[in-house]
Amino acid sequence: MTSPDYAVFGHPISHSLSPRIHATFGKQTGITLDYAAIDAPADAFAATLARFADAGGRGANITLPLKQDAFGLCAQTSDFASRAGAVNTLTRVDGSWHGDNTDGPGLIRDLTGRHSLDLRERRSLLLGAGGAARAAAHALLDAGIGELVIVNRNAERADALADSIRDPSRVHTRYWNDLADLGSFDLIVNATSAGVARETLQLPFALVAPRALCYDLSYGAAAFGFVAWARAAGAGKALDGLGMLVEQAAESFAIWHGMRPDTDPVHDALRAELPLLATD
Ligand code: ATR
């Protein structure tokens with residue numbers, strides 16, 4: 001059996017759409033590639049990645065819960081990945097890993113490109129402080145949002161993220177238990193992995209300002225709970241992260257193969273299979 005050139009690592013990983021997305025991009029651009037999904041619990045990740053590299057692995061995508069661990073395994077990281085402290089794209093360069101983070105650009109492309117949304121000056125709430133949240137925070141601040149309030153179940157992790165951003169006039173943290181007292185937001189991003197674990201977040205409707213945009217970084221059934229909550233609360237737009245998934249994949253593909261694929265056909269085909277809500 002030959003080893004794959006490219007792979008996505010995560011835990012759990014069996015339902016990842018990345019192998020299919022990259023295979024479709026390969027067909028579209030005429031690039032032959034072999035892209036696999038590799039399950040790696042956090043304590044086995046470094047060894048699993050090293051075996052992949054030894055067998056000729058050239059590039060990897062990293063998903064939860066390994067994005068901050070992946071950052072630590074890189075010899076070099078891009079400016080954005082360094083700021084986020086999280087990596088979702090690894091490229092083998094001269095026998096070591098170069099780390100990029102395409103989640104941030106992928107999120108912004110989906111919001112401002114596909115959905116033509118203006119993010120500037122939006123009062124924003126970020127739920128979560130893990131690897132995905134870190135990239136989202138930096139990308140949204142770069143895109144010109146107003147105040148960013150970060151709330152995480154583990155408050156210390158939220159504080160660490162806010163401290164690392166070094167923008168105290170715009171970025172604040174609050175406790176999860178105080179969510180009902182924070183007022184309303186024009187943008188609410190769910191970057192927790194609660195939905196992936198099929199857990200439900202208890203969120204007050206009062207968080208959602210009229211015409212607010214609510215966005216879950218996960219997609220499919222994992223985002224159903226948040227999207228349903230946002231609609232019930234009267235959000236102007238409630239989206240899952242399917243568009244971000246396809247856009248971050250295209251950015252990774254461009255890093256590895258020097259060509260950016262057309263994302264719309266891939267996104268539209270997946271959306272037809274993965275409605276925003278079970279009832280859509
Ligand atoms: P990812 O790469 O997706 O960010 P991660 O680094 O494991 O994955 O981060 C998961 C995030 O989801 C964290 O912010 C986590 O909160 P803690 O830091 O307190 O663990 C958050 N999370 C997971 N399950 C949650 C739940 N049931 N309620 C609230 N937050 C949850």
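This report concerns the structure included in the present document. (Residues numbered from 1 in each chain as written. Predicted model: local features only at pLDDT ≥ 70, side-chain atom pairs only at ≥ 80, totals over all residues. Heavy atoms only, no water.)

**Some remarks on the nonpolar core**
Among soluble globular proteins, nonpolar side chains are generally buried collectively. Among the nonpolar cores identified, the biggest contains 32 residues, and Leu126, Leu140 and Ile150 are the most heavily contacted of them. Put simply, the parts of the chain that give this core at least two residues each are α5 (103-114), α6 (131-142), β8 (148-151), α7 (155-165), β10 (185-190) and β11 (208-216). Ignoring anything within four residues of it in the chain, the contact list for leucine 140 reads Leu107, Ile108, Leu111, Leu119, Ile145, Leu187 and Val189. Leu125, Val149, Ala209 and Ala238 belong to the second-largest nonpolar core, a separate cluster that totals 23 residues. (Core = buried A, V, L, I, M, F, W, Y, C linked by side-chain atoms within 4.5 Å. Buried < 20%, exposed > 50% of the residue type's maximum accessible area, 1.4 Å probe, protein only. Helix = DSSP H or I, 4+ residues; strand = E, 2+ residues; numbered from the N terminus. Contact = heavy atoms within 4.5 Å.)

**Details of the side chain of lysine 67**
When you line up the elements, lysine 67 lands in helix α3 (residues 67-72). Given a relative accessible area of 11%, lysine 67 falls into the buried group. Dropping the residues within four chain positions of it, lysine 67 is found in contact with Ile62, Ala86, Val87, Asn88, Asp103, Gly131 and Ala132.

**Some thoughts on unusual backbone geometry**
Most peptide bonds adopt trans geometry, and most residues besides glycine take a negative phi value. For the bond from histidine 11 to proline 12, the omega torsion is 5°, close enough to zero to count as cis. Tracing the backbone shows proline 12 in the loop between β1 (6-10) and α1 (18-29). Cis rather than trans, the peptide bond between leucine 64 and proline 65 has omega equal to 5°. Position of proline 65 relative to the elements: it lies in the loop between β3 (59-62) and α3. Residue glutamate 121 is not a glycine yet carries a positive backbone phi of 65°. Note that glutamate 121 resides in the loop between α5 and β7 (124-127). Even without being glycine, arginine 211 reaches a positive phi, approximately 65°. In this structure, arginine 211 sits in strand β11. Taking relative accessible area as the criterion, arginine 211 reaches 72% and is therefore assigned exposed.

**As for the packing of aromatic side chains**
Evaluated as defined, the whole model comprises 7 aromatic pairs. Ring geometry for phenylalanine 25 and phenylalanine 253: centres 5.6 Å apart, planes at 75°, overall edge-to-face. One end of the pair, phenylalanine 25, is in helix α1; the other, phenylalanine 253, is in helix α9 (residues 242-257), and 228 residues separate them in sequence. Accessibility classification places phenylalanine 25 together with phenylalanine 253 in one group, the buried group. Pairwise contacts between aromatic rings join Phe9, Phe45, Phe52 and Trp97 into one cluster. Directly above the aromatic system of tryptophan 97 lies the positively charged group of arginine 92, at a separation of 4.7 Å from the ring centroid. (Phe/Tyr/Trp six-rings, centres within 6.5 Å; stacked < 30°, edge-to-face > 60°. Lys NZ or Arg CZ within 6 Å of the ring centre and 35° of its normal.)

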